[in-house]
Amino acid sequence: MNSNQTDQINKLLPIEQDAANLSTYQLIKYSLHLADTNLILSQRNSEWCGHGPILEQDIAITNITLDLLGQSRNFYQYAATLIGSEATEDSLAYFRTEREFKNCLLVELANGDWGQTILRQFFFSAYQFLLYEKLQHSKDDQLAAIAAKALKEVTYHLRWSSEWVLRLGDGTAESHTRMQAAFEVLWPYTGELFMPEDYEQYCASDGTGVDIAEIKAAWDTKVREVLAEANLAAVMKDNAPAAYMYTGGKQGTHTEAMGYILTELQYVQRTYPGNEW
Amino acid sequence: MIPAHQHNSTNTATQKVWDILQTVCDPEVPVLTILDLGIVRDVSISNDEVQVTITPTYTGCPAMDMISMNIRLALLEQGFKNVKIISVLSPVWTTDWMSEAGKAKLLQYGIAPPKGNAGAIPADGIECPQCHSTHTKLLSEFGSTACKALYQCQDCKEPFDYFKCH
């Protein structure tokens, strides 16, 4: 992969003006959004490898991470096929800049403690479960196939993370306090999941994507049900910031954390382009 | 749907490929062949090119790359030089495609085979591969690989892997 290839990916963008290519262009952006979100969460979760609180749960979070990485590869491979030329799953993961990444902000946040990692996974898996449940009926055969496959894995992630939210939220005074604190940190990043970007709106309207506004109510019900059972208050402490939700990630405007993630993720390929194991 | 491994080809060359694939094992669970696992979906030959269609068990399974390589090597050894491996996601792989012979081999090897159909979450009654007691408990939903969970026998106390229904 050289800078020439990077340019080809960037050159993709002007085709938007061509009406005939508009649907492909939106589908590429949508696939990249799905891929990026999975990749960045898998990169974050992988930081736990070898550091989990106990061996079994270290293995659990890294297994989930592997599933997310696999899903991101499927979406990148598909995006690369749509882009054509010399784009590959690797060039899309390793040679795009921060502004080109379309992941939601929630997944790029620092892991925090184990409780915060668990709560994020739960928020995310609950969202991803509902998303894939709809996406498996996409008019686009490949997106439908990826979603149907991934749904089985996410079902497992959701069950595991729900159980851990219960265990920690309704556990000791210490674990409860930490989970409530994690809620305060994460909650303002959950709104973005359900605020559609232009490419999401486009793909939802032509039947290839999911109307995420439609799954918000179900997500809310599921999340509040588990939080209540875990004895966690699903409201922000002083109520005022509750209405405020951070956005921008899906458009490429990220938090400070993102640059650090990409630096680590892309370092080897940026330094030794095309290097192989 | 009929599991691919029950396929009986009338074409001798194609049948030979199926026979060779029956010798390719899963690198993580070497007691199972890729036909036992049900991941080979189709075999076809046209103009000297062998096309083997496989489907991944889990999307992130790192064994898939090695399985593709091992398929190539096994076919190459038997003179099939032009091999194309196609990976398809649909229909979605399920443990329902695992052969009965494969399940028996798993148990013999020390891994409890999937109990029930795809998606089943057996709360209890998973048979201990060591002492065959069904008095066992789940230790962790995730085991040594994505496809397994970790159980422990309450009678002989031995921990063991359970191949999850998927």
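Below you will find a few notes about this structure. (Residues numbered from 1 in each chain as written. Chains lettered and ligands numbered in written order. Predicted model: local features only at pLDDT ≥ 70, side-chain atom pairs only at ≥ 80, totals over all residues.)

### Focus on the overall build of chain A
In plain terms, the rule: A run of H or I in DSSP counts as a helix once it spans at least four residues, and a run of E counts as a strand once it spans at least two, with each numbered from the N terminus.
Helix and strand counts for chain A stand at ten helices and zero strands. Order of helices (α) and strands (β) in chain A, N terminus to C terminus: α-α-α-α-α-α-α-α-α-α.

### A word on the sheet that holds strand S2 (residues 49-54) of chain B
Residue and element names in this part refer to chain B. Note the threshold: Should DSSP find at least two bridges between two strands, the strands are regarded as paired. Every axis in this analysis is a line fitted to C-alpha atoms, fitted for helices over the stretch in contact. Angles between the N-to-C directions lie between 0 and 180 degrees. By the convention adopted here, residues are in contact when the distance between their C-beta atoms, placed from the backbone, does not exceed 7 Å.
Pairing in this open sheet of three strands is mixed, and the strands run S1-S2-S3 from one edge to the other. Here the strands that pair on one side only, and so sit at the sheet edges, are strand S1 (40-46) and strand S3 (83-87). Here the average twist between neighbouring strands, direction ignored, is 15°. Summarising the sheet, S2 and S3 pair through five bridges and their orientation is parallel. Pairing of Ile54 across the sheet is with Ser87, part of S3. Contacts from helix H3 (residues 63-77) reach S2 and S3, with the element oriented near 155° to S3.

### Some words on the nonpolar core
All names here are of chain A. Heads up, the rule is: Working definition: the nonpolar core is a set of buried Ala, Val, Leu, Ile, Met, Phe, Trp, Tyr and Cys residues, joined through C-beta atoms within 7 Å. Buried means a residue has 20 or more other C-beta atoms within 10 Å of its own C-beta, exposed means 12 or fewer, and partly exposed covers the counts in between; C-beta atoms are placed from the backbone.
One finds Ala79 and Leu106 to be the most contacted residues of the largest nonpolar core, which totals 116 residues. Take this core: its biggest share by element is 13 residues, from helix H5 (residues 114-135). When residues no more than four places from it in sequence are discounted, the contact partners of Leu106 are Arg120, Phe123, Phe124, Leu186, Tyr189, Thr190, Glu192 and Leu193.

### A word on H3(B)
All names here are of chain B. Heads up, the rule is: Take the residue count of a helix, subtract one, and multiply by 1.5 Å to get its expected span.
Its 15 residues place the ends of H3 21 Å apart at the C-alpha level, agreeing with the 21 Å of an ideal helix rising 1.5 Å per residue. Buried residues belonging to H3 abut helix H1 (12-21), helix H2 (34-37), S2 and S3. Trailing H3 by a residue or two, Gly79 shows a phi angle of about 95°, which is positive.

### Focus on the sheet that holds strand S5 (residues 136-140) of chain B
All names here are of chain B. If you walk across this open sheet you meet the four strands as S4-S7-S6-S5, and the pairing is mixed. Every other strand in the sheet has two partners, leaving strand S4 (111-112) and S5 as the edge strands with one partner each. Strand direction decides the pairing type here: S4 and strand S7 (residues 159-163), joined by two bridges, are parallel. In the strand pairing of S7, Ile111 is matched with Asp161.

### Structural notes on the environment of B:Ile126
All names here are of chain B. With respect to the helices, strands and loops of the structure, Ile126 is situated in the loop between S4 and S5. Residue Ile126 is classed as buried on the basis of its C-beta count, with 23 C-beta atoms lying within 10 Å. Linking Ile126 and Asp36, residues 90 residues apart in sequence, is a C-alpha distance of 21 Å. Those residues in contact with Ile126, other than ones at most four positions away along the chain, are Ala112, Lys115, Thr134, Thr136, Tyr151 and Tyr162.

### Comments concerning the pairing of S1(B)
Where a strand is regular, its side chains alternate between the two sheet faces. Residue and element names in this part refer to chain B. As defined by bridge partners, S1 adjoins S2 across six bridges and the pair is classed as antiparallel. Looking at the pairing, Ser44 lines up with Gln51 of S2. The antiparallel hairpin formed by S1 and S2 contains two residues in its connecting segment, where Asn47 sits at a positive phi of about 50°.

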